Amino acid sequence: MELKCAKNYETDFHAIELTKEITLTGKETVVMAGPCAIESRDQILASAEFMSQLGVKILRGGAFKPRTNPYSFQGSGEEGLSWMAEARDRYGMTLITEVTDMANFDIVAKYSDIIQIGAKAMYNHSVLKAAGKTIKPILLKRHFGATVDELMKMADYIILNGNANVMFCERGIRTFESSSRFTLDLCGAAVMQERSRQPLILDPSHAIGYSFGVPKLAKAAIAFGCDGVIIEVHPDRQYAQCDKDQALSHEEFKLLYSQLRDIAQAVGRELV
Ligand code: PEP
Ligand code: MN
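All right, on to the site of ligand 1 then. Ligand 1 sits among Cys-36, Arg-60, Lys-65, Glu-98, Gln-116, Gly-118, Ala-119, Lys-141, Arg-171, His-206 and Glu-232. One nitrogen or oxygen atom from the side chain of Arg-60 is found 2.9 Å from an oxygen atom belonging to ligand 1. The side chain of Arg-171 places a nitrogen or oxygen atom 2.7 Å from an oxygen atom of ligand 1. For ligand 1, the accessible surface in isolation is 300 Å², of which the surrounding protein chains cover 93%. Looking at the shell around ligand 1 residue by residue, the class counts come to 2 nonpolar, 3 polar and 6 charged.

This is the structure we're talking about:
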């Protein structure tokens, strides 16, 4: 049985409309940015204002956080999503936020424009099937212990249930190397592009885990020739309640963003 997400099933790139202005056709690189977690109304409104002024159209932020430590901040839940929806309406943003399990699937699907299935939920078959029954674009993150083949098979649970609008996200895999949080698998990313027809998004933030390396990896990701990057940025990062070490400040992100358009152009893509 051939995989539906694979190029040998249907050779064309699977174009996905993310917003009224942005459709990924294989010639664009989209920037999605924002905090790891929605922490307060002020924080997400400040993030949206900053991103919209720069020209970033897609705002990220999670309300349900799959923390390893049960004593850590778990997310602001539905209230957080209502703040994020307010930010969308006020600043004309498109939202991407993550689902962790079926307990929050309907809430996330209600508020979000793009549904992010987090790395740890990549193997959650109920979530994948439910995502297949929606019409929203899906960002399926690769589990840090999953092979490319497993990621592609999991994507087919979404596609077989009726939603072909799946983007893959490489966000780093676990290797013997412990000096960075994970290892960004660009070899695997190239294989995904070669074997599948789904857009590919790269996540430099979770891959390295430290803000000093995020701009370098983001630039490398754009030069690699992917359909998008997703980057964590915090308006006041010393107080970030989740993934603090990898958050870029607004100043750092502004500088990085000003450098990305030329890099995208050099590899034949338009930054959107
Ligand atoms: C996130 O995007 O904040 C996140 C939890 O990512 P991942 O699922 O890749 O760990
Ligand atoms: Mn995060």
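What follows is about the pairing of strand β6 (residues 114-117). Burial of β6 is two-sided: the residues Ile-114 and Gln-116 facing one way and the residues Ile-115 and Ile-117 facing the other way are all buried. Examined bridge by bridge, strand β5 (residues 94-99) and β6 share 4 bridges and lie parallel to one another. Bridging across to β6, Thr-97 finds its partner in Ile-115. Taken together, β5, helix α3 (residues 102-111) and β6 form a β-α-β motif whose crossover is right-handed.

For the rest of this paragraph, the subject is the coordination of the manganese ion (ligand 2). The protein atoms that coordinate the manganese ion (ligand 2) are Cys-36 (SG), His-206 (NE2), Glu-232 (OE) and Asp-243 (OD), at distances of 2.1 to 2.4 Å. Positions of the donor residues of the manganese ion (ligand 2), expressed as sequence spacing, correspond to C-x169-H-x25-E-x10-D. Residue Cys-36 is located in the loop between β3 (28-34) and α1 (41-54), and its partner His-206 is located in helix α7 (residues 204-208); the two are separated by 170 residues in the primary sequence. For Cys-36, a relative accessible area of 4% gives the class buried.

A few words now on helix α5 (residues 148-160). Taking 1.5 Å as the rise per residue, α5 with 13 residues should run 18 Å; its terminal C-alpha atoms sit 18 Å apart, in good agreement. All buried positions along α5 are accounted for by Val-148, Leu-151, Met-152, Met-154, Ala-155, Asp-156, Ile-158 and Ile-159. Along its buried surface, α5 packs onto β6, α4 (125-132), β7 (138-141), β8 (166-170) and α6 (186-195). Where α5 terminates, the next one or two residues include Gly-162, which has phi positive at roughly 120 degrees.

Tallying each qualifying case throughout the model produces 4 aromatic pairs. Ring centres of Tyr-210 and Phe-212 lie 6.0 Å apart, and the angle between their planes is 15 degrees; this geometry places the pair in the stacked category. When its relative accessible area of 32% is taken as the criterion, Tyr-210 is described as partly exposed. Judged by relative accessible area, Phe-212 falls into the exposed class, the value being 61%. Relative to Tyr-257, the ring of Phe-253 lies with its centre 5.8 Å away and its plane at 25 degrees, an arrangement referred to as stacked. Taken together, the residues Phe-253 and Tyr-257, both in helix α9 (residues 250-266) and 4 residues apart, mark about one turn of the helix. For Phe-253, a relative accessible area of 0% corresponds to the buried category. An aromatic cluster is defined as three or more aromatic residues linked by ring pairs; in this entry it consists of Phe-50, Phe-253 and Tyr-257. In this structure, Arg-171 is placed above the aromatic ring of Phe-182, and the distance from its NZ or CZ to the ring centre is 4.3 Å. If you follow Arg-174 out to its NZ or CZ, it ends over the ring of Phe-144, 4.7 Å from the centre.

Calculation notes
Residues numbered from 1 in each chain as written. Chains lettered and ligands numbered in written order. Predicted model: local features only at pLDDT ≥ 70, side-chain atom pairs only at ≥ 80, totals over all residues. Heavy atoms only, no water. Near = heavy atom within 4 Å. Polar contact = N/O pair within 3.5 Å; in protein donor to acceptor, adjacent residues only side chain to side chain. Areas by Shrake-Rupley, 256 points an atom, 1.4 Å probe, with all protein chains shown as cover. Nonpolar A, V, L, I, M, F, W, Y, C, P; charged D, E, K, R; others polar. Buried < 20%, exposed > 50% of the residue type's maximum accessible area, 1.4 Å probe, protein only. Helix = DSSP H or I, 4+ residues; strand = E, 2+ residues; numbered from the N terminus. Pairing = 2+ DSSP bridges. Right-handed = clockwise from strand over helix to strand, strands pointing away. Donors = N, O, S within 2.8 Å, 3.2 Å for Na, K, Ca; no water. Expected span 1.5 Å × (residues − 1). Contact = heavy atoms within 4.5 Å. Phe/Tyr/Trp six-rings, centres within 6.5 Å; stacked < 30°, edge-to-face > 60°. Lys NZ or Arg CZ within 6 Å of the ring centre and 35° of its normal.

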